[in-house]
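Here is how the chains run, residue by residue.
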Amino acid sequence: MTVIASPAPNEQEDEDMLVPRSDLVEGALPMGAEGILGGGFGVGVVRNLALNVNFPCYIFSFPCPLFAVAPEATENNVENQPTEDPRTAKFTWKIEFFSKITTKKLYSGIFDLGDYKWRILIFPKGNNADQLSMYLDVADSAGLPYGWTRYAHFSLAIVNQVHSKYSVRKETQHQFSARENDWGFTAFMPLRDLHDPSRGYLVNDTCIVEAEVAVYKAMDPWLYDSKKETGFVGLKNQGATCYMNSLLQTLYHIPFFRKVVYHMPTNVIDMPSASIPLALQSLFYKLQYSDNSVATKELTKSFGWDTYDAFLQHDVQELNRVLCEKLEEKMKRTIVEGAIQQLFEGHHMNYIECINVDYKSSRKESFYDLQLDVKGCDDVYASFDKYVTVEHLDGDNKYHAEQHGLQISSLDAKKGVLFIDFPPVLQLHLKRFEYDFVRDVMVKINDHYEFPLQLDLDRDDGKYLSPDADRRVHNLYTLHSVLVHSGGVHGGHYYAFIQPTLSSQWYKFDDERVTKEDMKKALDELYGGEEEHLMQTNQGINNTPFKFTKHSNAYMLVYIRESDKDKIMCHVDEKDIAEHLRERLKREQEEKEQKKKEKAEAHLYTIVKVVCDEDFVWQIGRNVFFDLVDHDKVRSFRVQKLMPFNVFKEEVANKFGIPVQLQRFWLWAKRQNHTYRPNRPLTQSEEAQTVGYLRDMSNKAQNAELRLFLELERGPDSRPIPLPNKAKDDILLFFKLYDPEKEELRYVGRLFVKSFGKPVDILTRLNEMAGYAPEEDIELYEEIKFDPNVMCEHIQKILPFRSSQLEDGDIVCIQKSLPSEALQQLRCPDVRSFFEYRHNLQDSRKEDRKFLMVIHFRSLEKPKDDEFCLQLSKLDTYDEVVEKVALQLGVDDPSKLRLTSCNSYTQQPKPHPIKYRGVDNLLDMLLQHNQTSDILYYEVLDMPLPELQGLRTLRVAFHHGTYNEAEIHNVRLPKDSTVADLLDDLRIKVQLSRPDAELRLLEVFTHKIYKILEEEKHLGRHDCLIHVYHFMNEENQNQVKIQNFGEPFLLVIHADEILADLKIRVQKKLCVSNEEFSKWKFAFVSQGQTEYLEDSEILFTRFQTSSMYIAWEQYLGLEHIDNAPKRPLAANQVALKSAVTKSFSVPPTIREGCEDIQLRGQWNRSLEWPSLSPFMQKNSENTS
């Protein structure tokens, strides 16, 4: 689940900087709400508070001394409580008429916790998600002093008013500040579950929200230094990666494992984000030598995860197995091959032993971890006892021994497990989660369960060991680490207790934070179970015992064998790390330290940007038309603010090769007309000041940079020469040259002119600068402004410069005079019209830029990999988009491209592609529920899309009667084709069991037959044709649901046939081995309800109906595990099944082996024979 501040800041975490904690914590605090309210304890006072709406009310409860009392009537009690850390409180918010709320967000009333004020913020319709969004908010943030922070550990809950134990509760912790004054869960729970009346979250349209808050004054994570306090550093949480962090810390603190990882061969040119071994080496190195918490993004990228995966909580055991498998694969044919097996692999023996005959069957299997039962077991030893408990096979569970048949004794055989050997590092996963068949939900087992610090698996004369076990190995283990899960079945938070050196000092690794812990105190918490408190209902009258469930308990145990301790807990230093890895990581660390230093010293420095004539020459006419220069593209210097400016001039001299005495610097100034020009030169007294003084003097903005124009003169040989003295009546003008025929503008130089002088006096010099003949007739224009409108005025050449209001830094544009006939033929005949043209073009580009965005295109076959990117306008039409994509791909005909939009929430392709010209513009392709994606998927078709849309494309799986492999065929038919057309096409493509085989068309959806599209002509009068489906029970959203799979089929049953006889036919029909078929169960399924059948039962009585065909709601279910390989199939797939007449007792007129065509897709009740179009119209466009 995702935990973000609301509204969510659009920022990415900087891996190199410590960021606010955002643990994706889901589940209850130790004091569960279900224990408080469900037990009937607590005192509540209801008061009305002013809100956006007038119906919610609030209940404050204080079930035990752990919580502060919130109502007005008892506020004095809150103040008089001892100032213990943490201070805690609980708040209940009752929201009536919930479904009638129309506001986007809703605040609760304010509740106090000591000096702190809090409130709950909810988004009843979701915060840009189809989930209820809920946050804890600092109610008085606006009035708090600058720089305030507040650290709190809190949980939020939606109370289940029918069964409080099913309340949805999530917890997290956060450092609140002015920038992040609320924190919580954008995806708290699905809105559909909240509004489902059968779920119990809304009763009488009333929703109950609970908040439990613990404020820590003494514990501020910003002031805590894990490395300094413990010698270890933590791992940053990417969103929901606390489970991974706990596992990685556990593996890292197994030194032999760390040494093995370091010795895995990696390449200098490898990138950690693309190599799991290198990413893990880098992570371990940083954990060993870094002073700050370490980011895991490189490792998760090497897993192939994206951001979405980082916000999904996975299972620790699953991740552990996958990671070890990946490392084993990478270790093959290297010096560390087999190291993972040496550490974690053990072996056990599964055996079956007959009692009355001399027969025993055994099978040796390996394991990397063991799953131990918690329910019904007091401790680890009880779980091992249960693991090796002998099971007696009798009754229906008799064992069929080869060559002996079924035994006749009541205890014919015994079955069990014994251990051949245990690994040096023993990983025990405790089964804290299981399915409750009675309540039909997944539940967490919070029972009290103990585990010893030392585990002796040789106890009771080695009762866990097989006769083949090596008794010379002493299986005495020391507890190394405990992975803890805090929360409930819907999610929670993981952290780890680790004993890094097995020296009795334990540490708690909780993401970024590492603390020393007293294990004896922690063990009582980690065992789980219930805890009893005394609750004072009335002062001094009666103390009522109160129990609540501990939701934090051990989930995974890691033990290290004493005899292997010296080998496992070996010394690991830099010599074990490859040299290229050390150099790479040290270089990264140096860069990180440099960035950190620069950031820390940023307030001591400023940026000085120096503009020269060369910048004018290079930029004007290319990317600059108005004003003189783009300051973001000139030379810049990072200098200390306290540096004397004269010292800075020496640095410029070294950079530009210009002696200090030949430099003159001008300050830039922003004018009222929004232009930016050189304003005046620095005086000698100003140049004696510091750089920081000049920056502050020239800028009002606090963090502005110092901008300077460097004036210099060059002689005929381009060498710097002394500058002329500037008199009071001298004006510095800059000149641009415009060519109306080429529509080109360029910089030609600058001149000092006298304010009382006239332009006519310098025409010869201006012609020389422009490259014209001395007597060339030219026009002069002053460039005044361009924002919001262009202002460019003609200059009278006979008027003094002073009369034309020219001053330092002004720009004069030169243009050759042309005959009026020539001017009429030009688009921009003068400077003014050229500037207006550029201004309009710039405005249109700005407007277009609002709609421009970079689109990432991916092949539909590789939906996670970007193939290329294009910058497109949101207003581009469908045709414009596909034409640009076709040009990029080199496809001659754009109509052969088909695009598919991206689901903004799942980051996966939508199920339905975009139809030809089915949208108006690009924005329509990208927009989904107010969320805009930047991803599109493409396919290159073998025919134009309009033509393809006129056809129906079916993927046909043909199952021959004599073998099980399916042949896949693609069939394209016009929409108005009939079933006969489909069958005729298929007869040409497939090999039938016999030439005269009949074909039958079935409509199939989700592995069920919904309609038979051909009359059955060969049924006997006392026969019945039934549907047979494969199924298994699947746990989905805390409920067991029937999940169909495989190929459904039709089966003829007879009036007097019992299930035992039918089983023989089914087994033969499906070619299932005796061993596998013995595990199958047969059930009658009606309206989703399952009733298992006895072998003696006659099925005809259950399926007898007035109709020839059985309604699809009733079928014979075959319950077994789906062992078929998973193949992704199109939604509109058709399966064609071929079979032959069976040899068992079926009348020759009934051919069960009739060729079946199974038509799969979205079920359409309006299906009519014989047109093929109706039942293919829904999803056929999805397959090309």
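Residues numbered from 1 in each chain as written. Predicted model: local features only at pLDDT ≥ 70, side-chain atom pairs only at ≥ 80, totals over all residues. Heavy atoms only, no water.

Per an unreviewed UniProt entry, the protein chain is named ubiquitinyl hydrolase 1, and its organism is Salvia splendens. Recorded in UniProt for the protein chain, the comment headed Catalytic activity (unreviewed entry) runs: "Thiol-dependent hydrolysis of ester, thioester, amide, peptide and isopeptide bonds formed by the C-terminal Gly of ubiquitin (a 76-residue protein attached to proteins as an intracellular targeting signal)." (UniProt positions renumbered as here; feature names shortened; annotations may be inferred.)

Of the regular secondary structure elements, the protein chain holds 30 helices and 60 strands. For the protein chain, restricting intrachain contacts to residue pairs at least 6 apart in sequence, the fraction spanning at least 24 positions comes to 67%. When the accessible surface of the protein chain is summed, it comes to about 57,800 Å², and 48% of that surface belongs to carbon and sulfur atoms. (Helix = DSSP H or I, 4+ residues; strand = E, 2+ residues; numbered from the N terminus. Contact = heavy atoms within 4.5 Å. Areas by Shrake-Rupley, 256 points an atom, 1.4 Å probe, with all protein chains shown as cover.)

Turning next to the confidence of the model for the protein chain. For the protein chain, mean pLDDT is 78; residues scoring 70 or higher make up 78% of the total. Low pLDDT, under 50, characterises residues 403–411; the predicted model gives this stretch 17 contacts beyond four residues in sequence or across chains. pLDDT under 50 marks residues 1106–1111. Its contacts with residues more than four places away, or in other chains, come to 14 contacts. (pLDDT = per-residue confidence, 0-100.)

This brings us to the sheet that holds strand E32 (residues 635–640). Taken together, the five strands give an open sheet; going across it, the order is E32-E31-E35-E33-E34, and neighbouring strands pair in mixed fashion. At either margin of the open sheet sits one strand with a lone partner, and together these are E32 and strand E34 (676–681). When the angles between neighbouring strand axes are averaged without regard to direction, this sheet yields 40°. Of the pairings in the sheet, the one linking strand E31 (residues 605–611) to E32 comprises six bridges and is antiparallel in character. Across the sheet, residue Val-610 finds its bridge partner in E32, namely Arg-635. Contacts from helix H20 (residues 691–698) reach E31, E32, strand E33 (664–670), E34 and strand E35 (706–711) within the one sheet, and its direction differs from that of E35 by about 105°. (Pairing = 2+ DSSP bridges. Axes fitted to C-alpha atoms, helices over the stretch in contact; angles between N-to-C directions.)

This model, assessed by the stated rule, comprises 44 aromatic pairs. Aromatic pair Phe-857 and Phe-868: ring centres 5.1 Å apart, planes at 15°, arrangement stacked. Remark: Phe-868 occurs in strand E44 (residues 868–873) and Phe-857 occurs in strand E43 (residues 852–859); sequence separation between them is 11 residues. On the numbers, 5.9 Å between centres and 70° between planes, the contact of Phe-1077 with Phe-1082 is edge-to-face. The class for Phe-1077 is buried, based on a relative accessible area of 10%. Taking relative accessible area as the criterion, Phe-1082 reaches 3% and is therefore assigned buried. One aromatic cluster is present, built from ring pairs that chain together Phe-367, Phe-384, Tyr-387, Phe-419, Phe-422 and Tyr-464. Lying across the ring of Tyr-351, Lys-360 places its NZ or CZ 5.4 Å from the centre. Stacked on the ring of Tyr-772, the Lys or Arg Lys-816 has its end atom at 4.7 Å from the ring centre. (Phe/Tyr/Trp six-rings, centres within 6.5 Å; stacked < 30°, edge-to-face > 60°. Buried < 20%, exposed > 50% of the residue type's maximum accessible area, 1.4 Å probe, protein only. Lys NZ or Arg CZ within 6 Å of the ring centre and 35° of its normal.)

With that out of the way, let us pick up the packing of helix H7 (residues 276–289) against helix H10 (residues 316–331). At their nearest, the axes of H7 and H10 sit 10 Å apart, and the two run at 110° to each other. With respect to each other, H7 and H10 are oriented roughly perpendicular. Between H7 and H10, the residues in contact are Ile-276, Pro-277 and Leu-280 and Leu-323, Lys-326, Leu-327 and Lys-330, respectively. Looking at the contact of H7 with H10, its residues break down into five nonpolar, no polar and two charged. (Parallel < 35°, antiparallel > 145°, perpendicular 65-115°, else oblique. Nonpolar A, V, L, I, M, F, W, Y, C, P; charged D, E, K, R; others polar.)

Strand pairing in a sheet relies on backbone hydrogen bonds. The paired strands run either parallel or antiparallel. Taken in spatial order, the five strands make up an open sheet running E39-E38-E42-E40-E41, and their pairing is mixed. Each end of this open sheet is capped by a strand with a single partner; those strands are strand E39 (744–754) and strand E41 (791–794). Between one strand axis and the next, the sheet turns through 30° on average, direction left out of account. Where strand E40 (residues 778–785) lies against strand E42 (residues 811–816), six bridges are found, and the strand directions are antiparallel. Across the sheet, residue Ile-778 finds its bridge partner in E42, namely Lys-816. Strands in contact with helix H21 (residues 763–770) are strand E38 (730–739), E39, E40 and E42; relative to E39, the strand with the most contacts, it is inclined by about 150°.

As a further point, take H21. Listing the buried residues of H21 in full gives Leu-763, Leu-766, Asn-767, Met-769 and Ala-770. The arc that holds the buried residues of H21, viewed along the axis, is 160°, so those residues lie on one side. (Arc of directions from axis to C-beta.)

On to a negative patch on the surface, then. Taken together, the side chains of Asp-225, Glu-229, Asp-291 and Glu-593 present a region of like negative charge at the surface. Note on placement: Glu-593 falls in helix H16 (residues 579–600). (Patch = residues over 30% accessible without salt bridge, like charges linked within 9 Å, V, L, I, M, F, W, Y side chains within 5 Å. Salt bridge = Lys/Arg side-chain N within 4 Å of Asp/Glu carboxyl O. Lys, Arg positive; Asp, Glu negative; His and termini not counted. Charge placed at Lys NZ, Arg CZ, Asp CG, Glu CD.)

Following the UniProt record, one finds the feature "coiled-coil region" (unreviewed entry) at residues 571–605. The span residues 571–605 carries 63% helix and 3% strand; its end-to-end C-alpha distance comes to 45 Å.

The subject of this paragraph is the pairing of E35. The element E35 is largely enclosed, with a buried count of five among its six residues. Examined bridge by bridge, E31 and E35 share four bridges and lie parallel to one another. Of the residues in E35, the one forming a bridge with Val-608 is Leu-706. Taken together, the four bridges between E33 and E35 define a ladder with antiparallel strand orientation. Its bridge partner lying in E35, Trp-666 is registered against Phe-709.

Put simply, helix H6 (residues 255–262) and H7 touch, their axes get as near as 9 Å, and they point 130° apart. Classified by the angle between their axes, H6 and H7 sit oblique to one another. Judged by the sense of rotation from one axis to the other, the crossing of H6 with H7 is left-handed. Here Phe-257, Arg-258, Val-261 and Tyr-262 of H6 come into contact with H7, specifically with Leu-280, Gln-281, Phe-284, Tyr-285 and Gln-288. Among the residues making up the contact of H6 with H7, the classes are represented as six nonpolar, two polar and one charged. (Left-handed = near helix turned anticlockwise from the far one by under 90°.)

A separate point is unusual backbone geometry. Here the residue pair Asp-787 and Pro-788 is connected by a cis peptide bond, since its omega of 5° sits within 30 degrees of zero. For Phe-97, which is not glycine, the phi torsion reads 50° and is therefore positive. Mapped onto the fold, Phe-97 is located in the loop between strand E4 (87–95) and strand E5 (106–107).

Here we come to the pairing of strand E10 (residues 168–177). Summarising burial for E10: 10 of the 10 residues are buried, a large majority. A two-sided burial pattern is seen for E10, the buried positions comprising Val-168, Lys-170, Thr-172, His-174 and Phe-176 on one face and Arg-169, Glu-171, Gln-173, Gln-175 and Ser-177 on the other. Here strand E9 (residues 149–158) pairs with E10 via 10 bridges, running antiparallel. Each bridged residue has a counterpart across the sheet, and for Phe-154 the counterpart in E10 is Thr-172.

So, on to H20. Within H20, burial applies to Val-691, Gly-692, Leu-694 and Arg-695. When H20 is viewed along its axis, its buried side chains cluster within an angular range of 160° and face the same direction. Of the surrounding secondary structure, the elements contacted by the buried residues of H20 are E31, E32, helix H18 (645–656), helix H19 (684–687) and E35.

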